[in-house]
Amino acid sequence: MNAAMVTAVSALIAGPLAAAAAMYGSRGATRATREGTALTGYDNLTQRLIAERDKAELDEKTAEARATTAEAQATAAEARVAGLEAEIARLRLLVTQLGGTP
């Protein structure tokens, strides 16, 4: 075998080996990119869920505060109504004692 023949055979063997190495390297890079994208997507989703949870908790606290305020107002209104009913009963009794008809 002369040098030209050895070079030609080496080129025939080296070409497919280089192509196989490039394909294998490309697969590894693609896999790493895909995994990186999946992790980034997972992190983004987690952050959005945390933000949504925090907003829901704040909304719940606001609603509870409004409900507490409404309950206090209702209790105060009931107390005013009870006071007015007691005043009406007192005035009816006074009218009756003075000889009138309630």
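In what follows, the accompanying structure is described. Quick caveat, the model's predicted, so the values are computed rather than measured. (Residues numbered from 1 in each chain as written. Predicted model: local features only at pLDDT ≥ 70, side-chain atom pairs only at ≥ 80, totals over all residues. Heavy atoms only, no water.)

### Observations regarding the overall build of the protein
So, point 1. Counting secondary structure elements, the protein contains one helix and zero strands.
So, point 2. Evaluated residue by residue, the protein yields a buried proportion of 0% over its 102 residues.
So, point 3. Put simply, the protein shows about 8,800 Å² of open surface, and 65% of that area lies on carbon and sulfur atoms. (Helix = DSSP H or I, 4+ residues; strand = E, 2+ residues; numbered from the N terminus. Buried < 20%, exposed > 50% of the residue type's maximum accessible area, 1.4 Å probe, protein only. Areas by Shrake-Rupley, 256 points an atom, 1.4 Å probe, with all protein chains shown as cover.)

### Remarks on the pattern of salt bridges
So, point 1. Under the criterion given, the structure shown has four salt bridges.
So, point 2. For Glu57, the salt bridge is made with Arg53, and the minimal N-O distance between the two is 3.9 Å. Of the two residues, Glu57 and Arg53 are both situated in helix 1 (residues 3–97); the distance of four residues between them amounts to about one turn of the helix.
So, point 3. Classification of Arg53 by relative accessible area gives partly exposed; the value is 45%.
So, point 4. In this structure, Arg90 and Glu87 form a salt bridge, with 2.7 Å as the shortest nitrogen-oxygen distance. Note that Arg90 and Glu87 are positioned in helix 1 at a spacing of three residues, about one turn of the helix.
So, point 5. On the accessibility criterion, Arg90 (45% relative accessible area) is partly exposed. (Salt bridge = Lys/Arg side-chain N within 4 Å of Asp/Glu carboxyl O.)

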